[in-house]
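# Tertiary structure, described
What follows is each chain in one-letter form.
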Amino acid sequence: MTDTYDYDLIVIGAGTGGNGVARMTAAAGWKVASIDSLPYGGTCALRGCDPKKMLIAVTEGVDWAHTMAGKGLEARPSVNWPEMMAFKRTFTDAMPSRIEAGFRKAGITPLHGEARFIGRDTITLNGETLRAKHFHIATGARPMTLNIPGEDLLTTSTEFLELSERPDRIVFVGGGFIAMEFAHIAQRAGASAVTVLEMAGRPLGPFDADLVAMLVEASTELGIDVQTEAKVLKVEKQGDEFAVSYETPSGIQVLTCDLVVHATGPCPISTI
């Protein structure tokens, strides 16, 4: 008896890691479906790279004005945070429908919901059973678990990119590229106190040490407080504020702020 499959390939995850595979296999003549429980586009298009670049583009205007002061440019720009976020949404709001339309044009079936494996070649989706010869799992990543008291009080990078108003005092837990980029956005947008807490000896550990040193110097000149060998121990809610306790070589320190952002990095999602 010949096996009957609904699809040659089902791609689980409609972000960058899945979309390229779906398009290439469909172009090769395979019958392909794509599944996501969130709007199509994934982190890069909706919750990461692309919207972040739009915020950077706006806040770089402030940096250019500062750099050109005394050289003929007399402008003193400031950032209207709600308008900047509205500008970002002109891109992100349109992406899911554009991606789905592109999939249909390419012969890919876009599906929505949470896929669950019930066999090597079978999943359930919204109460229906689907079979495929092959599966490509591209479900992305989530913020890593920190195992500290008050971890649930931290704001994720996804939530940061949806803030309707800019907090005045922000602490970033972790010193990777997300922390450094968002710290520059917040500082240029007018935040009064932006702090990066990195537990290692320097931020951006995998990157070139000389370039990182130049970036840290530029960040400090901008007004960002970059602290290394600073291990966050706990986060507490105190009224409308947060208290971040962290360990340094000189002892335990406490910072009070309006927002604490999780920026220690991701780990794989494994929920299917």
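In this report, we go over the structure that sits alongside the text. (Residues numbered from 1 in each chain as written. Predicted model: local features only at pLDDT ≥ 70, side-chain atom pairs only at ≥ 80, totals over all residues. Heavy atoms only, no water.)

### Describing the layout of surface pockets
There is about 250 Å³ of room inside the second largest pocket. In this structure, the second largest pocket is lined by Val62, Asp63, His66, His184, Gln187, Arg188, Ala218, Glu221 and Leu222. Broken down by secondary-structure element, the contributors of at least two residues to the lining of the second largest pocket are helix 3 (49-67), helix 7 (177-188) and helix 8 (209-222). (1 Å grid on protein atoms, 1.4 Å probe; cavity = no way out; pocket = protein on both sides within 12 Å on 5 of 7 lines; lining within 4 Å. Points joined across faces, edges and corners; volume = space filled by probe spheres on them. Helix = DSSP H or I, 4+ residues; strand = E, 2+ residues; numbered from the N terminus.)

### Some details on the pattern of salt bridges
Counting across every chain of the model gives eleven salt bridges. Asp8 is paired through a salt bridge with Lys133; the nearest N and O atoms lie 3.4 Å apart. Separated by 125 residues along the polypeptide, Asp8 in strand 1 (residues 7-12) and Lys133 in strand 6 (residues 128-137) bring together distant segments of the chain. Of the residues examined, Lys133 reaches a relative accessible area of 48% and is grouped as partly exposed. Notably, a salt bridge pairs Arg169 with Glu241, separated by 2.9 Å at the nearest N-O pair. Taken as a pair, Arg169 in strand 8 (residues 169-173) and Glu241 in strand 12 (residues 241-248) lie far apart in primary sequence, 72 residues in all. (Salt bridge = Lys/Arg side-chain N within 4 Å of Asp/Glu carboxyl O. Buried < 20%, exposed > 50% of the residue type's maximum accessible area, 1.4 Å probe, protein only.)

### Digging into the sheet that holds strand 14 (residues 259-262)
Pairing is parallel across the open sheet formed by four strands, whose spatial order is 10-9-8-14. Lying at the two open borders of the sheet, with one neighbouring strand each, are strand 10 (225-227) and strand 14. Ignoring strand direction, the axes of neighbouring strands in this sheet form an average angle of 15°. Judged from the four bridges that link them, strand 8 and strand 14 form a sheet pairing that is parallel. Its bridge partner lying in strand 14, Val171 is registered against Val260. Here helix 7 sits on the sheet in contact with strand 8, strand 9 (193-197) and strand 10, set at roughly 170° to strand 9. (Pairing = 2+ DSSP bridges. Axes fitted to C-alpha atoms, helices over the stretch in contact; angles between N-to-C directions. Contact = heavy atoms within 4.5 Å.)

### As for the nonpolar core
Core analysis: the largest hydrophobic core is formed by 28 residues, its most contacted members being Trp81, Phe160, Ile170, Phe172, Val194 and Val196. Among the secondary structure elements, those contributing two or more residues to this core are helix 3, helix 4 (81-92), strand 8, helix 7, strand 9 and strand 14. By residue number, the principal contributor to this core is helix 7, which donates six residues. By size, the runner-up hydrophobic cluster in this structure holds 14 residues, among which are Leu146, Ile148, Phe242 and Val260. (Core = buried A, V, L, I, M, F, W, Y, C linked by side-chain atoms within 4.5 Å.)

### Comments concerning the side chain of His262
Along the chain, His262 turns up in strand 14. Using a relative accessible area of 9% as the deciding quantity, one classes His262 as buried. Within the structure, the side chain of His262 is placed 2.8 Å from the backbone oxygen of Met144, a separation counted as a polar contact. Apart from the residues lying within four places of it in its own chain, the contact partners of His262 are Pro143, Met144, Leu146, Leu154, Thr155, Ser157 and Val173. (Polar contact = N/O pair within 3.5 Å; in protein donor to acceptor, adjacent residues only side chain to side chain.)

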